[in-house]
Amino acid sequence: MRSVSAGVGGAIAPAAAAAFKSRHGGAEADGGDHALKKKFACPNSGNGFSKLPTMGLESNSKPKIVTGEFGYTLEDVPHLSDYIPHLPTYPNPLQDNLAYSAVRQYFVDYDDTVAQKVVVHKDTARGVHFRRAGPCQRVYFESDDVHACIVTCGGLCPGLNTVIREIVCGLNYMYGVKSVLGIDGGYRGFYSKNTRSLTPKGVNDIHKRGGTVLGTSRGGHDTKKIVDSIQDRGINQVYIIGGDGTQKGAAVIFEEVRRRGLKVSVAGIPKTIDNDIPVIDKSFGFDSAVEEAERAINAAHVEATSFENGIGLVKLMGRYSGFIAMYATLASRDVDCCLIPESPFYLEGPGGLFEYIDKRLKEHGHMVIVIAEGAGQEMLSESLRSTAQQADASGNKLLQDVGLWISQRIKDHFSKERKMTINLKYIDPTYMIRAIPSNASDNVYCTLLAQSAVHGAMAGYTGFTVGPVNGRHAYIPFHRINEKQNNVVITDRMWARLLSSTNQPSFLSTKDIIEASKGEEPPTALLDDGEETK
Ligand SMILES: Nc1ncnc2c1ncn2[C@@H]1O[C@H](COP(=O)(O)OP(=O)(O)OP(=O)(O)O)[C@@H](O)[C@H]1O
Ligand SMILES: O=P(O)(O)OC[C@H]1O[C@](O)(CO)[C@@H](O)[C@@H]1O
Ligand SMILES: [Mg+2]
């Protein structure tokens, strides 16, 4: 690594300089992780590194970027010692735990980072990396001094209870932390509801239930009141589980905590059934949702195949990102057409949906259509002549029911205009899917997420979201999670695979394809083996 820049440019704040010294092996350091080995040494220590620490008590922290040889970049996460000088460190209690100390290289090396891009050419720059998640040899909290809290915000998602359980158990079993508070009812619960104490015994069975035992909400993000509550209650580790809106909220909470100079780690755990959070491989609950969606698709298929010109129509969640619809379609093989928000479609005329339905019914006598809730919304508003843009408490646009609308349009076209017999069955399993407990693979994933978050907070990292990047868990700065949304890229391989699996029309002209590719960076996507899309 060559240089580090963090915080706004300008003079080095004394607090930051001292903090940096302490963290990287200065006089105050008592042999913490950062000072343990020579190779961990401060980038200014003559091993080829140089460091320009400009981190201070600025309220708007800038990204912490470390650059190195061959285009290597580390987008690092904030650390408590960035703004609090002379923080003592302690040996990680896991080193005395027989189960863990037996594991070779159980502790992560300070220099371990995870590459964002794994498909490379021989002349590709090393590119962006994130700090590898995991237990560090030194921790910044004594177990008895930790007062943690957990909050869940936004919509439901399978696995919320598993993450809660594993944070409570991880803190207790790995670090001996006894004080964990549950914040009821989302962000606003910090200042408008009672808290509850969470113990391993109390959360023992909750992973078997859907929903969140803490309750959740949208809206009600009053940063000042939330941080007042954190301060008043003496909370020093905050675990925030939620989607894109929640992570934006967590970023401003972190900024306020930092502005006040509080020794409070703020850790985000990304939750979104829509899989719309960027950088991470996928979000927890997604696999469970796809699996459950299969049941609805199976039912639609049974109905469709049992009637003359049967059409099974299934609406799945996905406001702006059609991942659930795309993966459920690919998994099922019974779906003839998948419609998602990212891929505009049209109904009438050559190459349109009606023409395709007609062809499919003639060929097979039935068909199954999967539609994501956010698909075709513009057409829908136009057709309903409604410009009303209602929003929920968090400001998310409220969508009209595309399933009902398209069912009616198909019936009107084939039954009324074409006088054809069709039997359309519309299934909306959305809330049934969202409310299930997580499946086995999500349970494992939730456990890893929770443990990674706990290790990160104990090691003094803050202002981060945890998640797998190319299969390795990493700490990702909030700004990277919050800068954009993860969407299906219709010029990417995965969508092409879907088109070749269903054989549906792409509804695209060459002009559309050029437009869709413009400035589009390949996003993180699931199970793909393309550039960024494993
Ligand atoms: N830009 C923002 N800044 C601060 N807080 C926000 C922001 N957007 C949303 N929040 C807060 O985050 C919480 C959850 O947001 P939201 O309802 O959008 O759900 P989400 O986390 O995106 O999850 P889902 O995936 O279910 O939509 C709300 O309490 C909301 O007030
Ligand atoms: O009915 P609610 O709670 O607003 O949630 C609906 C939204 O939540 C999501 O499931 C995301 O959590 C979206 O797919 C959906 O539009
Ligand atoms: Mg959201």
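In this text the structure is predicted, and so the values were computed from the model without any measurement. (Residues numbered from 1 in each chain as written. Chains lettered and ligands numbered in written order. Predicted model: local features only at pLDDT ≥ 70, side-chain atom pairs only at ≥ 80, totals over all residues. Heavy atoms only, no water.)

### Brief notes about the packing of helix α9 (residues 353-364) against helix α11 (residues 402-417)
- At their nearest, the axes of α9 and α11 sit 11 Å apart, and the two run at 65° to each other. Between α9 and α11, the interaxial angle falls into the category roughly perpendicular. Every pair of crossing elements has a handedness; the one defined by α9 and α11 is right-handed. Where α9 abuts α11, its residues Leu 353, Phe 354, Ile 357 and Asp 358 lie against Ile 406, Arg 409, Ile 410, His 413 and Phe 414.
- Counted by class, the contact of α9 with α11 contains 6 nonpolar, 1 polar and 2 charged residues. (Axes fitted to C-alpha atoms, helices over the stretch in contact; angles between N-to-C directions. Helix = DSSP H or I, 4+ residues; strand = E, 2+ residues; numbered from the N terminus. Parallel < 35°, antiparallel > 145°, perpendicular 65-115°, else oblique. Left-handed = near helix turned anticlockwise from the far one by under 90°. Contact = heavy atoms within 4.5 Å. Nonpolar A, V, L, I, M, F, W, Y, C, P; charged D, E, K, R; others polar.)

### Considering the state of the cysteines
- According to the stated counting rule, one finds 0 disulfides in the structure shown.
- No disulfide involves Cys 149; its sulfur sits 10 Å from the nearest other cysteine sulfur, which is in Cys 153.
- Counting only cysteine sulfurs, Cys 446 is the nearest neighbor of Cys 157, a cysteine outside any disulfide, at a range of 7.7 Å. (Disulfide = S-S within 2.5 Å.)

### What to know about the site of ligand 2
- Taken together, Gly 155, Arg 218, Ile 273, Asp 274, Met 317, Gly 318, Arg 319, Glu 373, Tyr 431 and Arg 434 are the residues near ligand 2.
- Between ligand 2 and Asp 274, the relevant distance is 2.8 Å, taken from an oxygen atom to a side-chain nitrogen or oxygen of the residue.
- Between Arg 319 and ligand 2, the recorded distance is 3.4 Å, taken from a side-chain N or O atom to an oxygen atom.
- Expressed as a share of its isolated accessible area of 400 Å², the protein-covered part of ligand 2 is 81%.
- More than half of the atoms of ligand 2 fall within 2 Å of the grid points belonging to the largest pocket.
- Grouping the amino acids of the shell around ligand 2 by side-chain chemistry returns 3 nonpolar, 2 polar and 5 charged. (Near = heavy atom within 4 Å. Polar contact = N/O pair within 3.5 Å; in protein donor to acceptor, adjacent residues only side chain to side chain. Areas by Shrake-Rupley, 256 points an atom, 1.4 Å probe, with all protein chains shown as cover. 1 Å grid on protein atoms, 1.4 Å probe; cavity = no way out; pocket = protein on both sides within 12 Å on 5 of 7 lines; lining within 4 Å. Sits in = over half its atoms within 2 Å of the grid points.)

### Re the pairing of strand β19 (residues 472-477)
- With respect to burial, β19 is a largely interior element, 5 of its 6 residues being buried.
- Pairing between strand β7 (residues 127-132) and β19: 2 bridges, direction antiparallel. Across the sheet, residue Arg 132 finds its bridge partner in β19, namely Ala 474.
- Across 6 bridges, strand β18 (residues 464-469) lies against β19 in antiparallel orientation. Within β19, the position partnered with Phe 464 by the bridge is Pro 477.
- Taken together, β18 and the strand that follows it, β19, pair antiparallel across an intervening segment of 2 residues, in which Asn 470 is found at a positive phi of about 55°. (Buried < 20%, exposed > 50% of the residue type's maximum accessible area, 1.4 Å probe, protein only. Pairing = 2+ DSSP bridges.)

### Some remarks on the pattern of salt bridges
- According to the stated counting rule, one finds 26 salt bridges in the structure shown.
- Of the charged contacts, one joins Glu 75 and Arg 480 as a salt bridge, the two residues approaching to 3.2 Å between their closest N and O atoms. With a gap of 405 residues between them, Glu 75 in strand β4 (residues 72-76) and Arg 480 in helix α14 (residues 478-482) connect regions that are remote in the sequence.
- The shortest N-O distance in the salt bridge between Lys 315 and Asp 401 comes to 3.3 Å. In this pair, Lys 315 is assigned in strand β14 (residues 310-316) and Asp 401 in the loop between α10 (377-384) and α11, connecting sequence segments 86 residues apart.
- Three or more residues joined by partner-sharing salt bridges are found here, namely Lys 224, Asp 228, Glu 256, Arg 259 and Arg 260. (Salt bridge = Lys/Arg side-chain N within 4 Å of Asp/Glu carboxyl O.)

### As for the pairing of β4
- Where burial is concerned, most of β4 is hidden: 5 out of the 5 residues are buried.
- Alternating residues of β4 divide into Tyr 72, Leu 74 and Asp 76 and Thr 73 and Glu 75, and every residue in both groups is buried.
- With 4 bridges connecting them, strand β3 (residues 64-67) and β4 associate as antiparallel partners. Following the sheet pairing, Thr 67 is matched in β4 by Thr 73.
- As consecutive antiparallel partners, β3 and β4 are separated by 4 residues, and within that stretch Phe 70 has a phi angle of approximately 55°, a positive value.
- Sheet topology places β4 next to β7; 3 bridges connect them, and they run parallel. Residue pairing in the sheet places Leu 74 in a bridge with His 129 of β7.

### Some remarks on the domain arrangement of the chain
- In terms of domain boundaries, the chain breaks down into domain 1 (14-132), domain 2 (143-280 + 437-482) and domain 3 (286-434 + 489-529).
- Taking only C-alpha atoms, the centre of domain 2 and the centre of domain 3 are 34 Å apart.
- In total, about 1500 Å² of surface goes out of reach between domain 2 and domain 3, with carbon and sulfur atoms giving 45% of it.
- The tally of links between domain 2 and domain 3 comes to 1 salt bridge.
- Across the salt bridge formed by Asp 392 and Arg 218, the nearest N and O atoms sit 3.6 Å from each other.
- Where domain 2 touches domain 3, the interface holds 6 residue pairs in polar contact (both at pLDDT 80 or more).
- Residues that form the side of domain 2 that touches domain 3 fall into these classes: 7 nonpolar, 6 polar and 4 charged. (Domains from an automatic or database assignment. Buried area = accessible area lost by both parts, 1.4 Å probe.)

### A closer look at the UniProt feature "binding site: substrate" (unreviewed entry) in the chain
- Mapped onto the present numbering, the UniProt feature "binding site: substrate" (unreviewed entry) falls at Thr 272, Ile 273, Asp 274, Met 317, Gly 318, Arg 319, Glu 373, Tyr 431, Met 432, Ile 433 and Arg 434. Of the annotated set named above, Thr 272, Ile 273, Asp 274, Met 317, Arg 319, Glu 373, Tyr 431 and Arg 434 line the largest pocket.
- Within the fold, Ile 273 resides in the loop between β13 (265-270) and α7 (286-306).
- Ignoring sequence-local partners within four residues, the contact set of Ile 273 consists of Cys 157, Pro 158, Gly 285, Phe 286, Ala 289, Met 317, Ile 324, Ile 433 and Arg 434.
- By secondary structure assignment, the location of Ile 433 is in helix α12 (residues 430-434).
- Excluding its chain neighbours within four sequence positions, the residues that come into contact with Ile 433 are Pro 158, Ile 273, Ala 289, Glu 292, Ala 293 and Leu 316. (UniProt positions renumbered as here; feature names shortened; annotations may be inferred.)

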